[in-house]
Amino acid sequence: MRVAVIDRDKCQPKRCAYECIKYCPGVRMGDETITKDEQGRPVISETLCTGCGICVKKCPFHAISIVNLPEELGKPIHTFGVNAFRVFGLPVPKKGVVGIIGPNGIGKTTVMSIVAGRLVPNLGNPNKKVSWDELIELFRGQEIQTHLEALSKGELRVAFKPQNVDLIQKNFNGTVKGLLEETHERNVDLAPLELDEILDRDISDISGGELQRVAIAATLQKKADLYFFDEPSSYLDARQRLSIAKVIRKLSENRKVILVEHDLAVLDYLSDYVHVMYGKGGVYGIVSSLKSVRVGINEFLEGYLRAENMRFRDHAMKFELKPPAEEWKGKPYATIPKFIKKYEGFVLKVDGGELVEGEVIGIVGPNAIGKSTFMRVLAGVEKPTEGEIKDTYKISYKPQYVSADFDGTVKQLITKTEMNKELFEYFLKKEIIDLYDKNVNELSGGEIQRVAVALALSRDADLYLLDEPSAFLDVEQRIRFAEITKKITEKRRSATMVVDHDIVFQDYVSNRLMVFEGVPGKEGRAHSPESMHSGMNKFLKKMEITYRRDPETGRPRANKPKSQKDIEQKQEGEYYYSF
Ligand code: ADP
Ligand code: ADP
Ligand code: SF4
Ligand code: SF4
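Calculation notes
Numbering of residues starts from 1 in every chain and runs along the sequence as written. Labels follow written order: the first chain is A, the first ligand is 1, and so on. Given that this is a predicted model, residues contribute local features only at a pLDDT of at least 70 and side-chain atom pairs are listed and counted only at 80 or more, while totals for whole chains, interfaces and linings are drawn from all residues. The side-chain values count all of the structure's non-hydrogen atoms but skip hydrogen atoms and water molecules. Starting at the N terminus, helices and strands are each numbered in turn, a helix being any DSSP run of H or I of at least four residues and a strand any DSSP run of E of at least two. With C-alpha atoms as the basis for the radius of gyration, the globule rule is written as 2.2 Å multiplied by the number of residues raised to the power 0.38. Three exposure classes are used, based on accessible area relative to the maximum for each residue type with a 1.4 Å probe and protein chains only: buried under 20%, partly exposed in between, and exposed over 50%. Contacts: residue pairs with any heavy atoms within 4.5 Å of one another. All accessibility values rest on the Shrake-Rupley procedure with a 1.4 Å probe; residue burial counts only the protein chains present in the view. Residues scored as positive are Lys and Arg, those scored as negative are Asp and Glu, and His as well as the terminal groups of each chain are ignored. Here the site of a charge means NZ on Lys, CZ on Arg, CG on Asp, or CD on Glu. Where each domain starts and ends comes from a domain assignment, either automatic or drawn from a database. Note: buried area is the sum, over both parts, of the accessible area (probe 1.4 Å) each one loses when the two are combined. One side-chain nitrogen of Lys or Arg within 4 Å of one carboxyl oxygen of Asp or Glu is enough to make a salt bridge. Side-chain classes are defined by residue name, with Ala, Val, Leu, Ile, Met, Phe, Trp, Tyr, Cys and Pro counting as nonpolar, Asp, Glu, Lys and Arg as charged, and the others, Gly among them, as polar. Here, proximity means that at least one heavy atom of the residue falls within 4 Å of the molecule or strand. In protein, a polar contact requires one atom able to donate a hydrogen and another able to accept it; more generally it is a pair of N or O atoms within 3.5 Å, and residues adjacent in sequence count only if both atoms are side-chain atoms. Stacked, edge-to-face and tilted are the three classes for Phe, Tyr and Trp ring pairs, Trp counted by its six-membered ring, which pair at centre distances within 6.5 Å; planes under 30 degrees apart are stacked, over 60 edge-to-face, the rest tilted. Residue count minus one, scaled by 1.5 Å, sets the expected span of a helix. Axis definition: a line fit to C-alpha positions, over the contact stretch in the case of helices; interaxial angles, taken between N-to-C directions, run 0 to 180 degrees. Reported orientations rely on four angle classes, namely roughly parallel under 35 degrees, roughly antiparallel over 145, roughly perpendicular from 65 to 115, and oblique for the rest.

Helix and strand counts for the protein stand at 20 helices and 28 strands. Taking 2.2 N^0.38 as the reference for a compact globule, 579 residues should give roughly 25 Å; the C-alpha atoms of the protein span a radius of gyration of 25 Å, in line with that estimate. Expressed along its principal axes, the backbone C-alpha trace of the protein runs to roughly 75 × 55 × 50 Å. Across the 579 residues that make up the protein, the buried fraction comes to 54%. For the protein, the proportion of contacts with a sequence separation of at least 24, taken over those separated by at least 6, is 70%. For the protein, the accessible area works out to roughly 26,400 Å², and carbon and sulfur atoms hold 49% of it. A gap of 2 Å separates the mean positions of the 86 positive and 84 negative side-chain charges of the protein.

Structure representation (C-alpha cells):
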C-alpha cells in the first residue's frame, strides 16, 4: 500500500518548475502518475506511483513524502484530502484513563475528535460520506463497536479540554466566575485547582497557567460519559501538574477519560492504559493496540511494539540507572553572583554559587517564584536591585516566550544567525531541517520552540540559559533536546542552565539542580546549585511526592500516594532515585 503525501504549506507550484512531474518516470512513460488539479497543484496517483522516490528528491521545497505501508493495516480511518495525512485505527475509551503517547502531527487530535463524535471519518476517501452503519461494521467485534453505536444514536455526552486554551480568551467575554457558572452542570470539588483568588478576574487578563486550570475546571463540571484532556499540563508548574493529575484521576474512578500528554511523569501517573501512536508526522499515523501504562510507555521509549512486532524507531531512549555522583566533579568554570531583584510586591534573593565545566544545571520551583527573573538578570536583560552582574561571560539566552518576528524562511534565519556551524551541523540541523522551507511567522508553537532552542545552543557563548525549552515539544523532541543539550555542553566545556517543569526532562538533562523556594508572587529564594539527589529531595518533599525508577528503562515514575513505596520512601526521606 502506497501513501503519497504533499505538504500543501511547502508545495509552491508558482515558484518551482514542476520538477515532481518533469522527472517522474511514470509521467515520462505517458502515464498520469502525477497530474495537476484546477488550481495547478500536483496530484499523485497512489495506484500508478511505483514508489521510486525521484519526486521526493527533486522537489525544491521538500514537499513530497512517499511511504510504503503493510497491506495488513487495511483502510485508513480518515484522511484530510487527496495526498493528505491519513490515520489508521482508533483509541478505545475505557473506564479509567486511556493515555495517548506519540509525536506532534501524528494524528492524536484527529483520532480524539473522531472518538468524541466531532469529526465524521471518511475511511480514507475524502469525497465519500461514510454512514455510521458502515463504520460500526468496520469495527464489528472490536471493543470500540459499542462506543460507535452509542455515538451514532446520539446517546453519548462528551466533554473536551482542547489543547489550545488561548481559544477560550477569544470565545468568552467575562470573568472566571462567569465562565464557571456558565459551564456548571454538576458539582465537583475544584479546590485543588486553586482558582479562588482569580474568580473575579477577567478571562482576558489571566495567565496561561491560570487559563489552563480554568479550562480543566470547566471540563470537569460538565455532565458527560467521556472526557477528553488534550495536553492539560501546558503552562503548569510541577506541583500544579500533580494537582490536576489528582482531580482527573478522581474523575476517572467511575468515568471514561482519554488523555494526550507530553509530560511523561504526568502521563504515567494519570493513565491506566496507553495507546502508542507512531508513523511519520504530517504523513500518516497508526494507533497501537491498548497496552498497560507501564508497558506502553516502556515500548514507546524502546521504539518497539511487542504485540505488533513493530519497530518504529531505530534506537531506544535510555535513562541513567545510577544516581549521578553526590557532587558533580569538574573544573570550576563560572560564578553566579549573589544578588537581589525587586519588583513592586515581589523580591527574589539569589544565593549564588559555582558552576563547573561541562555541566547542566536544572532549575526547578513553582510558577511566579522568580525563575525567569533570575534568567533575565543573568542574561543582562534586567539589572539586579542589589549586587552586580559583570559581563564576564558571553551569554546565549532562550527566553520563556519565543516569538516569530522574522520575515523569511527558517533556512534564511539560520543563514543570518552567527553560530558555530560545525556543532550546528552535527547536533542540531536534523532537529529542524523539516522546517527549512517554512516561513518563520507561520510556525506552530512547538516548531518555533525547536528553532529557538536549536539557535540558542548553536551560538558561541560561555553560558547557555534555556527558559522552558520543553514547552509545546512532544515527548521524543523533549528527550532528544535534553540529550543534545547535555552533549553539546560537555563538548564545549561550557555550562547550561535550564528552567523546566517536566521532571523527566530535568532528570535526563541535568547534572545538578538549583531549587527555588518561597511564596509565589511575593518572595523567591534561589538556593545554590546542589546534587540531583539533594536537590530533588528538597523539591519533591515540598510537593509530597515520591519517585521510584522503572527497572527496565531507568525512567522516574511517580509513586501513587499512600502506596507502600510512597510510605517507605517518605519515611526514609528518599523522594528520588530509589528503585
Ligand atoms: P497531533 O494531535 O498528533 O499533533 P493532529 O491530529 O492535530 O496531530 O494532525 C495530524 C496531521 O493532520 C497534521 O499533519 C495536520 O497538519 C493534519 N491536519 C489536522 N487537521 C487538519 C485539517 N482540518 N485539514 C487538513 N489537515 C489537517
Ligand atoms: P517564574 O519564572 O518562577 O514563573 P517570574 O520570574 O516570571 O517567575 O516572576 C516572579 C514574580 O515577579 C511574579 O510575581 C511576577 O508577576 C513578577 N514580575 C516578573 N516580571 C515583572 C516585571 N517586569 N514587573 C513587575 N513584576 C514582575
Ligand atoms: Fe513544485 Fe514540489 Fe509542488 Fe511539485 S511538489 S509542484 S516540485 S513544489
Ligand atoms: Fe513518480 Fe516516483 Fe514520485 Fe511515484 S515516487 S510519483 S513514481 S517520481
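Next up on the list: unusual backbone geometry. Look at Asn 309: it is not a glycine, yet its phi comes out positive at around 50°. Here Asn 309 lies in the loop between β14 (304–305) and β15 (310–311). Asn 309 gets classed as exposed once you look at its relative accessible area, which sits at 57%. Residue Ala 368 is not a glycine yet carries a positive backbone phi of 60°. Mapped onto the elements of the fold, Ala 368 is located in the loop between β20 (360–364) and α13 (371–378).

The next point concerns the domain arrangement of the protein. Domains assigned within the protein are domain 1 (2–68), domain 2 (76–311), domain 3 (332–534) and domain 4 (544–579). The gap between the C-alpha centroids of domain 1 and domain 2 is 35 Å. Facing 11 residues of domain 1, the contacting portion of domain 2 comprises nine residues. Here domain 1 meets domain 2 over a buried area of about 720 Å², counting both sides, of which 53% is carbon and sulfur. For the domain 1 face of the interface with domain 2, the top three residues by lost area are Val 3, Val 5 and Val 67, together amounting to 51%. Here Arg 86 ties to Glu 46 by a salt bridge, and the two come within 2.8 Å at their closest N and O atoms. Of all the secondary-structure elements, those providing two or more residues to the side of domain 1 that touches domain 2 are β1 (2–6), β3 (42–44) and β4 (64–68). Looking at the side of domain 1 that touches domain 2 residue by residue, the classes come out as eight nonpolar, one polar and two charged.

We now examine the pattern of salt bridges. Here the structure, examined in full by the defined rule, presents 36 salt bridges. Here Arg 450 makes a salt bridge to Asp 434, at a shortest N to O gap of 3.0 Å. Here Arg 450 is found in helix α16 (residues 445–458), whereas its partner Asp 434 is found in the loop between α15 (421–432) and α16, with 16 residues between them in sequence. Since its relative accessible area comes to 35%, Asp 434 is described here as partly exposed. As a salt-bridge pair, Lys 542 and Glu 517 come within 3.2 Å of each other at their nearest N and O atoms.

Moving on, we get to the site of ligand 1. The environment of ligand 1 is made up of Phe 80, Phe 85, Pro 103, Asn 104, Gly 105, Ile 106, Gly 107, Lys 108, Thr 109, Thr 110 and Gly 282. Taking Ile 106, its main chain carries an N or O atom lying 3.1 Å from an oxygen atom of ligand 1. Contact distances for ligand 1 include 2.5 Å between an oxygen atom and a side-chain N or O atom of Thr 110. Against a free-state accessible area of 560 Å², the protein chains account for coverage of 57% of ligand 1. Split into classes, the residues belonging to the shell around ligand 1 amount to four nonpolar, six polar and one charged.

Here we come to the packing of aromatic side chains. A full pass over the atoms with the stated rule returns nine aromatic pairs. Ring geometry for Tyr 426 versus Phe 427: centroids 4.9 Å apart, planes at 90°, classification edge-to-face. Residue classification places Tyr 426 among the exposed residues on the basis of a relative accessible area of 61%. For Phe 427, a relative accessible area of 8% corresponds to the buried category.

Moving on: the side chain of Gln 506. Mapped onto the elements, Gln 506 comes out in helix α18 (residues 503–509). Within polar-contact distance, the side chain of Gln 506 engages the side chain of Ser 510 at 2.8 Å. Non-local contacts of Gln 506, meaning those with residues more than four positions away in its chain, are made with Gly 362, Ile 363, Val 364, Val 498, Val 499, Asp 500, Met 532 and Met 536.

On to α16. Since the α-helix advances by 3.6 residues per turn, residues separated by three or four positions end up pointing in the same direction. Relative to the 20 Å expected for 14 residues at 1.5 Å per residue, α16 spans 20 Å between its end C-alpha atoms, a close match to the ideal helical length. Burial within α16 is extensive, with 13 of its 14 residues counted as buried.

Turning to the site of ligand 2, a few remarks are in order. Surveying the vicinity of ligand 2 reveals the residues Tyr 343, Phe 346, Pro 366, Asn 367, Ala 368, Ile 369, Gly 370, Lys 371, Ser 372, Thr 373, Arg 376 and Gly 521. At a separation of 2.8 Å, an oxygen atom of ligand 2 approaches a polar backbone atom of Ser 372. At 2.5 Å, a side-chain N or O of Thr 373 approaches an oxygen atom of ligand 2. Contact with the protein chains covers 64% of the free accessible surface of ligand 2, which is 560 Å².

Moving on to the side chain of Arg 450. Its relative accessible area of 7% is what places Arg 450 among the buried residues. In this structure the side chain of Arg 450 is engaged in a polar contact, spanning 2.8 Å, whose partner is the backbone oxygen of Glu 431. With residues up to four places along the chain from it excluded, the contact list for Arg 450 reads Glu 431, Ile 432, Asp 434, Leu 435, Leu 473, Gln 477 and Phe 481.

Quick look at the packing of helix α9 (residues 208–220) against helix α10 (residues 238–251) now. Running from amino to carboxyl end, α9 crosses α10 at an angle of 5°, the nearest separation of the two axes being 12 Å. Judged by the inter-axis angle, α9 sits roughly parallel to α10. Contacts between α9 and α10 involve Arg 213, Ile 216 and Leu 220 on the former and, on the latter, Gln 240, Ile 244, Val 247 and Leu 251.

Between α15 and α16, the least distance of the axes is 9 Å, while the angle of their chain directions is 175°. As the angle between them shows, α15 and α16 are arranged roughly antiparallel. Contacts from Phe 424, Leu 428, Glu 431 and Ile 432 in α15 reach Arg 450, Val 451, Ala 454, Leu 457 and Ser 458 in α16. Here the residues of the contact of α15 with α16 are counted per class, giving six nonpolar, one polar and two charged.

This brings us to the environment of Ala 334. Note on placement: Ala 334 falls in strand β16 (residues 332–336). Relative accessible area serves as the criterion here: at 3%, Ala 334 is assigned to the buried category. Sequence separation between Ala 334 and His 147 is 187 residues, and the spatial gap between their C-alpha atoms is 59 Å. Apart from the residues within four sequence positions on either side, Ala 334 is in contact with Gly 353, Glu 354, Leu 355 and Tyr 393.

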